[in-house]
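Residue-level structural notes
Chain residues, written in single-letter form:
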Amino acid sequence: MGIVQGDQMTLNIGPQHPSTHGVLRLEVKTDGEIVSEIRPHIGYLHRCFEKHSENVTYEQVIPFTDRCDYLAAMNSNFGYVVAMEDLMEIKVPERVDYIRVIMGELNRIASHLLALGVYGLDVGAFTPFLYMLRDRERILDMFEYTCGARLLYNYMWVGGVSHDLPKDFVKICTDFLDYFEPQISEYNELLTYNKIFIERTADVGVLPADVAVSFGVTGPNLRGSGVKWDVRKDEPYSIYDQFDFDIPTGTGEFGTVGDCFDRYWVRMLEVKESVKILRQALKDIPSGDVHQAIPKKIRPPKGSIYRRTESPRGDLGYYIVSDGTPVASRVKMRSPAFTALSVLDEISRGWMISDVIAILGSLDIVLGEIDR
Amino acid sequence: MGVLENRFKDNVIVASLDKFLGWARSTSPWYFQFGLACCAIEMMASAASRHDLERIGMMPRSSPRQADVMIVAGTVTMKMALRVKKLYEQMADPKYVISMGSCATSGGPYWQHGYHVLKGVDLVVPVDVYVPGCPPRPEALIEGLLKLQEKIQTERPLTRKTA
Amino acid sequence: MTPAEIKTAIESQFSGSVLENEDLAENQVELKGEQWLEMATFLKNDPNLCFDQLECITGIDTGEEGPLQTRYNLHSMEHRHKIEVVISHDRETPKVASIEQLWRIGDWFERETYDMFGIVYEGHRDLRRILCPDDWEGWPLRKDYEGQEDYHGIVVPKIKEEEEWE
């Protein structure tokens, strides 16, 4: 037997894979099981959103924004209409602001529930997925009651919303919140404090804060590394400055600050904060007409604007350039998952292949948003 | 059935072999979870607690070698089209394809200016059932799967196929 | 610091680099592309400016007679101020220095702008297409983009002409 010469192996975690959250191809160079480099290949879902937005009118762009981040469609709409209303200097009625915040926060809870459930599925836990999807279905029922759609709504329009809330929506939503709050402790018992889950996620894939800022990582991924940055508090839009809520950050519960468990834990705590915001909004919602500020024809003045809002994945920014016609000259969507995926190579070096799956799940990416 | 009528008790069934095979083959098709975009979320929701796909015999499989039905859920782009064809060829016969959602049927909302979007997955693989919607409700997907089961039941695998 | 103060700081350090452009808003500044890497290093490392977060890089095609532009949105987490830098490129050979070593996200943002517009970022370690396939022809988001005839045997339909919106 001679000396066995070790060499690098290239493993392809291909576009079709149950754990890659969509069509993502990872070219992984490994030395046995230990990863030495990862090259993500994206573009398998490039649906030409930006080309479409240069050829349809401003209000027709809104269904396309739904389909980019399809897990948080309300928040994608929210970001676009906030940017348009800043560009056109439209002031919406107060009821519209409250409805938008309610829908945005409900969708944040739904998106986080799916992210956490699928993360459990990635590391091997099947039951929390079923429990979390069961509760997510109740939120989708409420959306369907309001605007008719379960997943892709086209709900928020420039200057207002498409449908007013039904008469008993406040009661239904309050009942849901009363049912949902004890469920969070049930999820914690099932998944969060589970010894196997903690072993797989604590201390794995640590993202230091300065690396995160340089890579443009935002949202729960950045907050999991200890940086207190939330667009709702630091550059407030709509009426978020009137609500009282905290920004949870990662504190190294079971391991180092910025590991996978911290990012997961921040999302779980954010669900609780969203419930807080919802209760305040449902109590104080005023009455009014939701369609009165919707302009008949959207023709913004010449100029450009960049505005960001907080989607469940991070800072969702829209760069809109207008040339005075009803059709946009350029709409660019700065998606938070794009930056989150770019940091995958940096934080997975030295870990094993199964840890790469755990790290990828903790970043919570949606390929529709990355590829647009 | 004149000579067989009223000859046997109720615990004896007489039917053609094709019917038995159709019943056996159609009632547990394992699907290949090929979720690409938003329709994949509705496919996952129809496999989850409320609309359970396991009760009609469908189980998700991640490998094409173990699957009978490929549900193409979502937009197929040019970059992905070559891989869809490869995965379809890796499935073992008999295989079926369900095209879920309007993007897989005909390009969906991206038909007009999508330079990178394939206008319908039936340009690369043969499709058996089309489920419309954007995204289709889980109930619509279940109806599409039941229609596929009906289609499988009408097949006659034992008949020699003439050229 | 207000945008005007930031512009003064840049002008005092790199005289002649701030260009006047009345189409731009108050928080946007157009810079000459020649010394962009040094200016970007100054913007990031100077303790009064300290722009440590690159929010977004957008490529713009200003029309047939105009140039191609790259717009960088910068933000400082420490001082909480923002600036938008606009750099124009010649349409025939658009190129500018790459800043991917300063802000690591510049790597992917610049690859995306290269993929969509064809702007070459000099000094980038691995400039290749990121969204479209590697053998795609043309720069899709330019206004004069003509789709290719077919891709590996799959026919790509021509992008239809829209009627005029009044």
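Here's a quick rundown of the structure. (Residues numbered from 1 in each chain as written. Chains lettered and ligands numbered in written order. Predicted model: local features only at pLDDT ≥ 70, side-chain atom pairs only at ≥ 80, totals over all residues. Heavy atoms only, no water.)

Check the secondary structure of chain C and you find three helices and nine strands. Intrachain contacts of chain C at a sequence separation of at least 6 include 47% that bridge at least 24 residues. Surface exposure of chain C reaches about 8000 Å², of which carbon and sulfur atoms provide 46%. Of the charged side chains in chain C, 17 are positive and 38 negative; the average position of the first set lies 5 Å away from that of the second. (Helix = DSSP H or I, 4+ residues; strand = E, 2+ residues; numbered from the N terminus. Contact = heavy atoms within 4.5 Å. Areas by Shrake-Rupley, 256 points an atom, 1.4 Å probe, with all protein chains shown as cover. Lys, Arg positive; Asp, Glu negative; His and termini not counted. Charge placed at Lys NZ, Arg CZ, Asp CG, Glu CD.)

A few words on the nonpolar core. Within the largest apolar cluster, 199 residues are counted, with the highest numbers of intra-cluster contacts made by Leu106(A), Tyr155(A), Ile320(A), Ile365(A), Trp36(C) and Tyr72(C). The residues contacting Tyr155(A), other than those within four sequence positions of it, are Met74(A), Asn77(A), Ile99(A), Met103(A), Thr146(A), Cys147(A), Val161(A), Ser162(A), His163(A) and Leu165(A). (Core = buried A, V, L, I, M, F, W, Y, C linked by side-chain atoms within 4.5 Å. Buried < 20%, exposed > 50% of the residue type's maximum accessible area, 1.4 Å probe, protein only.)

Our focus in this paragraph is the sheet that holds strand S6 (residues 303-311) of chain A. All names here are of chain A. Pairing is antiparallel in the open sheet, where three strands are placed in the order S6-S7-S8. At either margin of the open sheet sits one strand with a lone partner, and together these are S6 and strand S8 (330-334). When the angles between neighbouring strand axes are averaged without regard to direction, this sheet yields 15°. Sheet topology places S6 next to strand S7 (residues 314-322); nine bridges connect them, and they run antiparallel. Its bridge partner lying in S7, Ser311 is registered against Gly314. Taken strand by strand, helix H3 (residues 73-88) contacts S6, S7 and S8, and its axis lies near 145° from that of S6. (Pairing = 2+ DSSP bridges. Axes fitted to C-alpha atoms, helices over the stretch in contact; angles between N-to-C directions.)

Attention shifts here to a negative patch on the surface. All names here are of chain C. Negative charge collects at one region of the surface, where Glu11, Glu20, Glu22 and Asp23 lie side by side. With respect to the secondary-structure elements, Asp23 resides in the loop between strand S1 (18-19) and strand S2 (28-31). The exposed category is assigned to Asp23, whose relative accessible area is 67%. (Patch = residues over 30% accessible without salt bridge, like charges linked within 9 Å, V, L, I, M, F, W, Y side chains within 5 Å. Salt bridge = Lys/Arg side-chain N within 4 Å of Asp/Glu carboxyl O.)

Further remarks concern the sheet that holds strand S5 (residues 82-89) of chain C. All names here are of chain C. Strands sit in the order S1-S2-S5-S4-S3 across an open sheet of five strands; the sheet is mixed. In the strand order of this sheet, the two ends are held by S1 and strand S3 (53-61), each with one partner. Note that S3 and strand S4 (residues 68-75) share eight bridges and pair antiparallel. Bridge pairing links Thr58 to Arg71 in S4. Packing against the sheet, helix H2 (residues 36-45) makes contact with S2, S4 and S5, and its axis sits at approximately 175° to S5.

To continue, consider the interface of chain A and chain B. Contact residues are listed per partner, giving 32 residues for chain A and 33 residues for chain B. When chain A packs against chain B, the two sides together hide about 3100 Å² of surface, and 63% of this comes from carbon and sulfur. Taken as a group, Gln16(A), Tyr44(A) and Arg47(A) account for 21% of the area that chain A buries against chain B, more than any other trio of residues on that side. In this structure, Arg150(A) and Glu42(B) form a salt bridge, with 3.1 Å as the shortest nitrogen-oxygen distance. Our count for the chain A to chain B interface comes out at 14 residue pairs in polar contact (both at pLDDT 80 or more). Among the elements of the structure, helix H1 (49-53), helix H2 (62-68), helix H4 (94-123) and helix H5 (127-147) of chain A are those that each provide at least two residues to the side of chain A that touches chain B. (Buried area = accessible area lost by both parts, 1.4 Å probe. Polar contact = N/O pair within 3.5 Å; in protein donor to acceptor, adjacent residues only side chain to side chain.)

Further remarks concern the packing of aromatic side chains. Evaluated as defined, the whole model comprises 30 aromatic pairs over all chains. Their ring planes at 55° and their centres at 5.7 Å tell us that Phe64(A) and Tyr110(B) sit as a pair that is tilted. Separated into two different chains, Phe64(A) in helix H2 and Tyr110(B) in the loop between helix H4 (101-106) and strand S5 (129-131) make up a pair that spans both. In this structure Phe64(A) comes out as buried when scored by relative accessible area, which is 9%. Residue class for Tyr110(B) comes out buried when judged on its relative accessible area of 2%. Ring geometry for Tyr119(A) versus Phe197(A): centroids 5.8 Å apart, planes at 80°, classification edge-to-face. With Tyr119(A) in helix H4 and Phe197(A) in helix H7 (residues 195-201), this residue pair connects regions lying 78 residues apart in the sequence. Exposure class is identical for Tyr119(A) and Phe197(A). Each is buried. An aromatic cluster is defined as three or more aromatic residues linked by ring pairs; in this entry it consists of Tyr119(A), Tyr193(A), Phe197(A), Phe254(A), Phe261(A), Tyr264(A) and Trp265(A). (Phe/Tyr/Trp six-rings, centres within 6.5 Å; stacked < 30°, edge-to-face > 60°.)

This brings us to the pattern of salt bridges. For side chains bearing opposite charge, pairing can occur when the charged atoms are close. All names here are of chain A. Tallied over the entire structure, the rule returns 49 salt bridges over all chains. Its salt-bridge partner being Glu50, residue Arg372 comes within 3.0 Å of it at the nearest N-O pair. Here Arg372, found in the segment after helix H15 (367-371), pairs with Glu50, found in helix H1; they are 322 residues apart in sequence, far enough to count as distant. Residue Arg372 shares its accessibility class with Glu50, and that shared class is buried. For Arg279, the salt bridge goes to Glu181, with nearest N and O atoms at 2.6 Å. Of this pair, Arg279 sits in helix H11 (residues 260-284) while Glu181 is found in helix H6 (residues 169-192), placing the two residues 98 residues apart along the sequence. In the salt-bridge network here, residues are joined through shared partners; they are Glu105, Arg108, Arg223, Asp230, Arg232, Glu270 and Glu310.

Here we come to the packing of H4(A) against H11(A). All names here are of chain A. As a packed pair, H4 and H11 sit with axes 9 Å apart at the nearest point and diverge in direction by 155°. The angle between H4 and H11 places the two elements in the roughly antiparallel class. Between H4 and H11 lies a crossing whose hand is left-handed. Among the residues forming the contact of H4 with H11, the class breakdown is 16 nonpolar, two polar and five charged. (Parallel < 35°, antiparallel > 145°, perpendicular 65-115°, else oblique. Left-handed = near helix turned anticlockwise from the far one by under 90°. Nonpolar A, V, L, I, M, F, W, Y, C, P; charged D, E, K, R; others polar.)

This paragraph deals with the environment of Lys171(A). Residue and element names in this part refer to chain A. Structurally, Lys171 is set in helix H6. Residue Lys171 is classed as exposed on the basis of its relative accessible area of 54%. Linking Lys171 and Ile109, residues 62 residues apart in sequence, is a C-alpha distance of 18 Å.

Take the interface of chain C and chain A next. Contacts between the two partners involve 39 residues from chain C, matched on the other side by 42 residues from chain A. Between chain C and chain A the total buried area reaches about 3400 Å² when both faces are included, carbon and sulfur atoms providing 55% of it. Summed over the shared surface of chain C and chain A, the result is eight salt bridges. Residue Glu112(C) pairs with Lys332(A) through a salt bridge whose shortest N-O separation is 3.5 Å. On inspection of chain C and its partner chain A, the count reaches 18 residue pairs in polar contact (both at pLDDT 80 or more). Residue assignment for the side of chain C that touches chain A shows that the elements contributing at least two residues are S3, S4, S5 and helix H3 (106-117) of chain C. Considering each element in turn, the side of chain C that touches chain A owes the most residues, seven residues, to S3(C). Each residue belonging to the side of chain C that touches chain A can be placed in one class, and the counts come to 19 nonpolar, six polar and 14 charged.

Residue and element names in this part refer to chain C. Within the secondary structure, Ile99 sits in the loop between strand S6 (95-97) and H3. Spatially, the C-alpha atoms of Ile99 and Arg71 are 13 Å apart, while their sequence positions differ by 28 residues. The residues touching Ile99, leaving out its near neighbours within four places in the chain, are Trp36, Leu37, Ala40, Leu54, Ile57, Tyr72 and Glu110.

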